[in-house]
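A look at the structure
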Amino acid sequence: MVMSDTKVNRTLNGENDWEWSDRSHPHPKTDKIFEVDYKPLKIYLSGPINFVSRDEAILWRANVVGRLSEGLGGRVQFFDPMDRDYTGSTHKFFKEIVELDKKDIDESDLVLVNYSMMSTGTTMEIMYAYDAGKTVIAVVDSVPISPWLIYHTDRIFTKMDDALSYIEDFYA
């Protein structure tokens, strides 16, 4: 058998049909085998909004976004319910608030929970995320921790810094 000077490459034609061909130019599909497409980690930021100041509701979320954006090299996308401002009109827009929060959770890979205080909305988001098969990581300031919270979370930390380190290590 005489070989030509051109490259001999194996290409996939169909699902299981391999064919040999000589070509000296790159192929747009088969020559990109080693390129990796990193999809961003999508994180929903769950935590108290009502009964805390606006600054308290925003500050911890901003700190998480800053830390994880840097720690994960920008390969992260956040869903922050504070991006929608319903100040003073939560009862008027309750359906929209809940449906948009649920949509964000559905689109997330992970729900990071700041459970620094008991919050009905946060508790419902935990349950919804668990039922949707999402990874739920909670930060709890006080003990004892409810068996319901333990059951519906994948990891519980007592410090936000420890939770963020875990996410950086596990998802890097």
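Residues numbered from 1 in each chain as written. Predicted model: local features only at pLDDT ≥ 70, side-chain atom pairs only at ≥ 80, totals over all residues. Heavy atoms only, no water.

Now for the pairing of strand 5 (residues 110-115). Counting buried residues along strand 5, six of its six residues qualify, which places the element largely inside the surrounding structure. Going residue by residue along strand 5, you find Leu110, Leu112 and Asn114 tucked away on one face and Val111, Val113 and Tyr115 tucked away on the opposite face as well. As judged from the six bridges shared by strand 5 and strand 6 (residues 135-140), these two strands associate in the parallel manner. Paired with Val113 across the strands is Ala138, a residue of strand 6. What joins strand 5 to strand 6 is helix 3 (residues 120-131), and the crossover it makes is right-handed. (Buried < 20%, exposed > 50% of the residue type's maximum accessible area, 1.4 Å probe, protein only. Helix = DSSP H or I, 4+ residues; strand = E, 2+ residues; numbered from the N terminus. Pairing = 2+ DSSP bridges. Right-handed = clockwise from strand over helix to strand, strands pointing away.)

This next bit is on the pattern of salt bridges. Throughout the structure, instances matching the rule amount to seven salt bridges. For Glu168, the salt bridge is made with Arg67, and the minimal N-O distance between the two is 2.9 Å. Residue Glu168 is located in helix 5 (residues 160-171), and its partner Arg67 is located in helix 1 (residues 54-71); the two are separated by 101 residues in the primary sequence. On the accessibility criterion, Arg67 (25% relative accessible area) is partly exposed. If you follow the salt bridges from partner to partner, you end up with Arg67, Asp161 and Glu168 in one network. (Salt bridge = Lys/Arg side-chain N within 4 Å of Asp/Glu carboxyl O.)

Time to look at the sheet that holds strand 7 (residues 155-157). Pairing is parallel across the open sheet formed by five strands, whose spatial order is 4-3-5-6-7. Of all the strands in the sheet, the pair left with one neighbour each is strand 4 (76-79) and strand 7. Pairwise comparison of adjacent strand axes, ignoring direction, gives a mean angle of 20 degrees for this sheet. Two elements, strand 3 (residues 41-46) and strand 5, share four bridges in a ladder whose sense is parallel. Residue Leu45 lies in a different strand from strand 5, and its bridge partner there is Leu112. Of the strands in this sheet, strand 3, strand 4 and strand 5 touch helix 2 (residues 94-107), which is tilted by about 145 degrees from strand 3. (Axes fitted to C-alpha atoms, helices over the stretch in contact; angles between N-to-C directions. Contact = heavy atoms within 4.5 Å.)

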